[in-house]
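Examination of the molecular architecture
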Amino acid sequence: MSGKFKLMIVDDSTIIRKVIEKNLAIFNVELVAMAADGKEALEKFKETSPQIVTLDITMPEMDGLTVLEEMINIDPKVKVMVVTALSDKATGLKAIKLGAKSFVGKPFTEEKLKESFQNLLNQLKSGE
Amino acid sequence: MKETDLHFFIDSTVNYFEEITGYKPITGIPYLKGAEPVVLEYTGIIGISGKRKGSIYITASGEMLQTLAGIILGTKEVGSPEIKDLIGEVANTISGNVRQAFGTDFMISVPVVVEGKAKDIKTPDDIQSFVIPLTWQDHKSFLIVCLE
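So, here's what we can say about the structure. (Residues numbered from 1 in each chain as written. Chains lettered and ligands numbered in written order. Predicted model: local features only at pLDDT ≥ 70, side-chain atom pairs only at ≥ 80, totals over all residues. Heavy atoms only, no water.)

Time to look at the packing of helix α3 (residues 64–74) of chain A against helix α4 (residues 89–98) of chain A. All names here are of chain A. Taken N-terminus to C-terminus, the directions of α3 and α4 make an angle of 15°; their axes are 9 Å apart at the nearest point. Classified by the angle between their axes, α3 and α4 sit roughly parallel to one another. For the pair α3 and α4, the crossing hand works out as right-handed. On α4, the residues touching Leu 65, Leu 68, Glu 69 and Ile 72 of α3 are Lys 94, Ala 95 and Leu 98. Looking at side-chain class alone, the contact of α3 with α4 contains five nonpolar, no polar and two charged residues. (Axes fitted to C-alpha atoms, helices over the stretch in contact; angles between N-to-C directions. Helix = DSSP H or I, 4+ residues; strand = E, 2+ residues; numbered from the N terminus. Parallel < 35°, antiparallel > 145°, perpendicular 65-115°, else oblique. Left-handed = near helix turned anticlockwise from the far one by under 90°. Contact = heavy atoms within 4.5 Å. Nonpolar A, V, L, I, M, F, W, Y, C, P; charged D, E, K, R; others polar.)

If you want it as structure tokens, here you go:
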């Protein structure tokens, strides 16, 4: 174990997965899994036990909010950053209520993504 | 659909391109879609359900999407899978963002992508479709909004 935080990226868009991976590579994280739909996300979550997950909402098989609930049930300590085009306040509040620690609307800038991720990492480090 | 609702889609589209690339697209005057097809090389389609019903699609050239994907990924090596993926993601983001105006009852589907210049994209006959012409960095594309 390298002492890095284990990261999983979930999004049905290949391009978005690549962009998130590229931008988060500067942090002290190890990418342990990527998934393109909700069902695959839960399977890989159980297999790899990531500490941090970036999670899309609109996905095939199972939507991200259902996945979020399942992930929190499996590991209440997991830090989930929702990254979604459903950027309205009500969806953001729902995600936070379900246990997400951060909410980033698409389209996002590299700066916004990194800033939100840094806040998430700080929470993880401080044991919040 | 009221014509004023089109502003939400125009704002969402302009915001997408500006946020991602730093360049705003120029939007043309919207018009009612007639019998003539409005289809370019790649099309991303989103179904709308809930309080409002219909569909939204954006259609663009491969050249435009290659340029856009290049900016997003920071590389010139962009293949057909990325281009197809991108048009779906653009459609998803533009549609998802208008929930800020229409509320959470505005439900969007996952994108369906059509590659190649189809004869046309079928939309419900009983709902008017509006065409919003877009020009981004000299590339032309069209956003079609077909909503109850």
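A few words now on the sheet that holds strand β3 (residues 52–55) of chain A. All names here are of chain A. The strand order across the open sheet built from five strands is β2-β1-β3-β4-β5, with neighbouring strands paired in parallel fashion. A strand with exactly one partner marks an edge of an open sheet, and here the two such strands are β2 (29–35) and β5 (102–105). Looking at each pair of strands side by side, their axes are set apart by 20° on average, direction ignored. Lying over the sheet, helix α1 (residues 14–24) contacts β1 (5–10), β2, β3 and β4 (79–84), oriented at roughly 175° with respect to β2. (Pairing = 2+ DSSP bridges.)

Many analyses report the size of an interface as the accessible area lost when the parts associate. Every contact between the two is made by 23 residues of chain B and, on the other side, 22 residues of chain A. Summed over both partners, the interface of chain B with chain A comes to about 1800 Å²; 59% of that surface belongs to carbon and sulfur atoms. The largest per-residue losses of area from chain B upon contact with chain A belong to Leu 73, Asp 85 and Glu 89 of chain B, which jointly make up 27% of the total buried on that side. Where chain B meets chain A, there are three salt bridges. Across the salt bridge formed by Asp 88 of chain A and Arg 99 of chain B, the nearest N and O atoms sit 3.2 Å from each other. Linking chain B with chain A are 12 residue pairs in polar contact (both at pLDDT 80 or more). The dominant element in the side of chain B that touches chain A, judged by the number of residues it contributes, is helix α3 (residues 80–97) of chain B, at eight residues. Of the residues belonging to the side of chain B that touches chain A, the class tally is nine nonpolar, nine polar and five charged. (Buried area = accessible area lost by both parts, 1.4 Å probe. Salt bridge = Lys/Arg side-chain N within 4 Å of Asp/Glu carboxyl O. Polar contact = N/O pair within 3.5 Å; in protein donor to acceptor, adjacent residues only side chain to side chain.)

Turning to the environment of Pro 50 of chain A, a few remarks are in order. All names here are of chain A. For Pro 50, the location among the structural elements is in the loop between α2 (38–48) and β3. In the structure, Pro 50 is positioned 41 residues away from Thr 91 in sequence and 24 Å away in space, judged by C-alpha atoms. Once residues lying within four places of it in the same chain are set aside, the contact partners of Pro 50 are Lys 6, Leu 7, Met 8, Val 32, Phe 45, Asp 75 and Val 78.

A separate point is α1 of chain A. The α-helix advances 3.6 residues per turn, and as a result positions three or four apart in sequence lie on the same side. Buried within α1 of chain A are the following residues: Ile 15, Ile 16, Arg 17, Val 19, Ile 20, Asn 23 and Leu 24 of chain A. If you check the start of α1 of chain A, you find a side-chain oxygen 3.4 Å away from the backbone N of Ile 15 of chain A, and it comes from Ser 13 of chain A. (Buried < 20%, exposed > 50% of the residue type's maximum accessible area, 1.4 Å probe, protein only.)

Geometry only, nothing functional implied.
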